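# Observations on the three-dimensional arrangement
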Amino acid sequence: MSFKVGIPQSLFFYDYYPLWKEFFNELGAEVVVSSKTNKSILNDGVSSCVDEACLPVKVYHGHVMELKNKVDYLFIPKIISIHKREYGCPKYLGLPEMVKNSVKDLPVCIDANVNLFKSNLGLFEAIKETGKYFTPSFSKIMKAYNIASNHYQKYRKLINKGVIPIEALKIYNSDTKLIRSIDDNSPMFMLVGHPYNLYDEYINMNLIKKIRNNGIRVITPEMVDDYKVDYYSSKIPKRIFWSFGKRIIGSSFYLLDGKKIDGIIYVSSFGCGVDSILIDFVQRKARDEGIPFTLLTIDEHTGEAGINTRIEAFMDMIRRRKKNENNIPTYG
Ligand code: SF4
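Criteria and thresholds
Residues numbered from 1 in each chain as written. Predicted model: local features only at pLDDT ≥ 70, side-chain atom pairs only at ≥ 80, totals over all residues. Heavy atoms only, no water. Phe/Tyr/Trp six-rings, centres within 6.5 Å; stacked < 30°, edge-to-face > 60°. Helix = DSSP H or I, 4+ residues; strand = E, 2+ residues; numbered from the N terminus. Buried < 20%, exposed > 50% of the residue type's maximum accessible area, 1.4 Å probe, protein only. Lys NZ or Arg CZ within 6 Å of the ring centre and 35° of its normal. Pairing = 2+ DSSP bridges. Axes fitted to C-alpha atoms, helices over the stretch in contact; angles between N-to-C directions. Salt bridge = Lys/Arg side-chain N within 4 Å of Asp/Glu carboxyl O. 1 Å grid on protein atoms, 1.4 Å probe; cavity = no way out; pocket = protein on both sides within 12 Å on 5 of 7 lines; lining within 4 Å. Points joined across faces, edges and corners; volume = space filled by probe spheres on them. Nonpolar A, V, L, I, M, F, W, Y, C, P; charged D, E, K, R; others polar. Domains from an automatic or database assignment. Contact = heavy atoms within 4.5 Å. Buried area = accessible area lost by both parts, 1.4 Å probe. Near = heavy atom within 4 Å.

### Examining the packing of aromatic side chains
- One pass over the full model with this rule turns up 23 aromatic pairs.
- Judged by centre distance (5.0 Å) and plane angle (85°), the rings of Trp20 and Phe75 are edge-to-face. Of this pair, Trp20 sits in helix α1 (residues 13-26) while Phe75 sits in strand β3 (residues 73-75), and the two are 55 residues apart along the sequence. Note on accessibility: Trp20 and Phe75 belong to one class, buried.
- Relative to Phe244, the ring of Tyr196 has its centre 6.1 Å away and its plane inclined at 85°; by these criteria the two rings are edge-to-face. One end of the pair, Tyr196, is in helix α9 (residues 195-198); the other, Phe244, is in helix α12 (residues 243-256), with 48 residues separating them in the sequence. For the pair Tyr196 and Phe244, a shared accessibility class is recorded, and that class is buried.
- Grouping aromatic residues by their ring pairs yields a cluster made of Phe3, Tyr16, Trp20, Phe23, Phe24, Tyr73, Phe75, Tyr133, Phe134, Tyr145, Tyr152 and Tyr155.
- The lysine or arginine in question, Lys260, covers the ring of Tyr254, its NZ or CZ lying 4.3 Å from the ring centre.

Structural data, given as structure tokens:
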């Protein structure tokens, strides 16, 4: 009988799911993923989590609630640092402790520390700590990780080729090809923000689909090459030490530089301390380059009608600007 490992479809899911799934499968475990975010997951998350948390952390709690009675283990890694000399946001550094204190009757939580702040050795520690729940053999654990890593590279390559991560996950899961119907000369918007805000279709109310339905292409930070992110993020005077923050700044500066996009939409969670700094950088750069910028702030009370009105107004403004105003920004 194989053990069941639950993976919440939230937070780091969009970054690492293929890696985690193959790793656990190679170790003989069955992976169970929570449903896509829905009303009941959101409500469970809001009622079980502390009020001060941001929306993605609350939503994560809801996914844990959905999984907790269906699995033998819950995978809730403590992601402290994923790159040398960089950190994650304090609100998810304490995620395993938060969940354990807020949600009752949990199965065993696999809460390995992922800390690469000093060196990559931290990764091996995390792999070993996670694998030991299934086998004492370090060589078996490393073999499973190497196989999983090869699968993961295929997923990353799809994203680097211009496939949006949620579509790359569908291709990865079903082994089918998605056909894009939008022609390559259509306008392009950048959607910028943390992956769990950009790719959770429930909390952002299907933003990508809404934009594409208007014949507009969408690009997101994960689709920009790492070396461009590193280079463009180093252009600001102070080094960004949040990994997601560096990607947001580097990718948006690259796309704004030389006007490679027609508009930029920042999707942020209400009360996000990290975004309160990043938004200002991106907005100023957009203004310097004359590219329209808008900010969508989401929380558990956000209504779809309000989001639709904002997006439609933004798209209308860009169409009119292109047609009548010779691309002169509204602020001169
Ligand atoms: S970066 Fe912002 S949205 Fe993400 S976990 Fe931290 S506070 Fe929440």
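### Observations concerning the sheet that holds strand β1 (residues 4-7)
- Sheet architecture is open: four strands sit in the order β2-β1-β3-β5, paired in parallel fashion. Each edge of the open sheet is held by one strand with a lone partner, namely β2 (30-33) and β5 (108-110). Looking at each pair of strands side by side, their axes are set apart by 30° on average, direction ignored.
- By the bridge criterion, three bridges tie β3 to β5 in an arrangement that is parallel.

### With respect to the pattern of salt bridges
- The final tally for this structure, using the stated rule, is 15 salt bridges.
- Note that Lys128 and Glu125 form a salt bridge whose closest N and O atoms lie 3.9 Å from each other. In this pair, Lys128 and Glu125 both sit in helix α6 (residues 121-131), three residues apart, roughly one turn of the helix.
- A residue is classified by how much of its surface remains accessible, and Lys128, at 36% relative accessible area, is partly exposed.
- Judged by relative accessible area, Glu125 falls into the partly exposed class, the value being 46%.
- With a shortest N-O distance of 3.0 Å, Asp280 and Arg284 are connected by a salt bridge. Taken together, the residues Asp280 and Arg284, both in helix α13 (residues 273-289) and four residues apart, mark about one turn of the helix.
- Given the relative accessible area of 51%, Arg284 is considered exposed.
- A single network of salt bridges, built from pairs that share partners, joins Glu86, Asp230 and Lys246.

### Digging into the sheet that holds strand β7 (residues 188-193)
- The sheet built from four strands is open, its strands ordered β8-β7-β9-β10 with parallel pairing. Where the open sheet ends on each side, the last strands, each with one partner, are β8 (217-219) and β10 (293-298). On average, adjacent strands in this sheet sit at an angle of 25° to one another, irrespective of strand direction.
- Relative to strand β9 (residues 263-269), β7 runs parallel, the two being bridged by five bridges. Its bridge partner lying in β9, Phe189 is registered against Gly263.

### Points about the layout of surface pockets
- What the largest pocket holds in volume is close to 960 Å³.
- Forming the boundary of the largest pocket are 33 residues, of which Tyr16, Leu19, Ile82, His83 and Tyr152 lie nearest the centre.
- Taken together, the elements giving at least two residues each to the lining of the largest pocket come down to α1, α6, α7 (138-160), α11 (226-233) and α12.
- Considering each element in turn, the lining of the largest pocket owes the most residues, six residues, to α7.
- When grouped by side-chain class, the residues that make up the lining of the largest pocket number 18 nonpolar, six polar and nine charged.
- Looking at the lining of the largest pocket, you find at least three residues from each of domain 1 (4-160) and domain 2 (183-324).

### Things to note about the domain arrangement of the chain
- Segmenting the chain into domains produces domain 1 (4-160) and domain 2 (183-324).
- The gap between the C-alpha centroids of domain 1 and domain 2 is 26 Å.
- At the junction of the two partners, domain 1 supplies 27 residues and domain 2 supplies 24 residues.
- At the boundary of domain 1 with domain 2, total buried surface from both sides reaches about 2300 Å², with 57% on carbon and sulfur atoms.
- On the domain 1 side of the contact with domain 2, Tyr14, Leu55 and Glu86 bury the most area, a combined 25% of that side's loss.

### Describing the environment of Pro90
- Here Pro90 shows up in helix α4 (residues 90-93).
- A C-alpha to C-alpha distance of 25 Å links Pro90 and Tyr231, two positions 141 residues apart in sequence.

### Remarks on the site of the ligand
- All residues in the neighbourhood of the ligand are listed as Cys54, Pro56, Cys89, Lys91, Tyr92, His194, Tyr196, Ser269, Cys272 and Val274.
- Counted by class, the shell around the ligand contains seven nonpolar, two polar and one charged residues.
- Residue contributions to the shell around the ligand reach at least three from each of two domains, namely domain 1 (4-160) and domain 2 (183-324).

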